[in-house]
Amino acid sequence: MRDWNTPDHHVADTEHGTLRFADGTQPVIADWQVTEDAPDRDGLVRTSIRGWLTNGSGSGRLDDPYTKPIKAGPARLVTTELRGRVPVRDRDVHIGYHHPGKPYPNTWDHVGWLVTVSWNDRLPDHPGVCV
């Protein structure tokens, strides 16, 4: 993922992906990455998709949980469309937003929201078995 704090950060020339949720919303993220955390104390491995939200809007306040098209918090992910990756389907996820602040003096072609969608993926002793 590219650093947001560069004057040449534009999402038009980066990889885009679509996330489809049960309520019908379809956030589009650019310059996305998928990460997997180490197992927690219960042995669960959490996975996250993070990228710049390209079709969103909001107040820009750090304490504003309402970032269109979907509210932060728990949600039901129906499927993902991320080129080169097997779709993630039918998961209860948590959505989080981060606005790093006003992009001055940068010029962006998006609103500057980072979106993170995370879920409990699997137990490490059972590869491929979802929880």
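First things first, this report covers the structure right here in the doc. (Residues numbered from 1 in each chain as written. Predicted model: local features only at pLDDT ≥ 70, side-chain atom pairs only at ≥ 80, totals over all residues. Heavy atoms only, no water.)

Take Asp40: it is sitting in the loop between strand 2 (28-36) and strand 3 (45-53). Given the relative accessible area of 35%, Asp40 is considered partly exposed. Polar contacts involving the side chain of Asp40 include one to the main-chain amide nitrogen of Leu44, which spans 2.9 Å. (Helix = DSSP H or I, 4+ residues; strand = E, 2+ residues; numbered from the N terminus. Buried < 20%, exposed > 50% of the residue type's maximum accessible area, 1.4 Å probe, protein only. Polar contact = N/O pair within 3.5 Å; in protein donor to acceptor, adjacent residues only side chain to side chain.)

What follows deals with the pattern of salt bridges. Scanning the entire structure with this criterion turns up three salt bridges. Across the pair Arg83 and Glu15 runs a salt bridge whose closest N-O atoms are separated by 2.7 Å. With a gap of 68 residues between them, Arg83 in the loop between strand 6 (73-81) and strand 7 (89-98) and Glu15 in the segment before strand 1 (16-21) connect regions that are remote in the sequence. For Asp92, the salt bridge is made with Arg76, and the minimal N-O distance between the two is 3.0 Å. (Salt bridge = Lys/Arg side-chain N within 4 Å of Asp/Glu carboxyl O.)

Burial of nonpolar side chains together is a common tendency in soluble globular proteins. By size, the foremost hydrophobic cluster in this structure holds 18 residues, and its most contacted members are Leu19, Phe21, Val93, Ile95, Tyr97, Val115 and Val117. Secondary structure elements with two or more residues in this core: strand 1, strand 2, strand 3, strand 6, strand 7 and strand 8 (114-122). In contact with Leu19, not counting residues within four places along its chain, are Thr25, Gln26, Pro27, Ile29, Ile49, Leu77, Thr79, Thr80 and Val117. (Core = buried A, V, L, I, M, F, W, Y, C linked by side-chain atoms within 4.5 Å. Contact = heavy atoms within 4.5 Å.)

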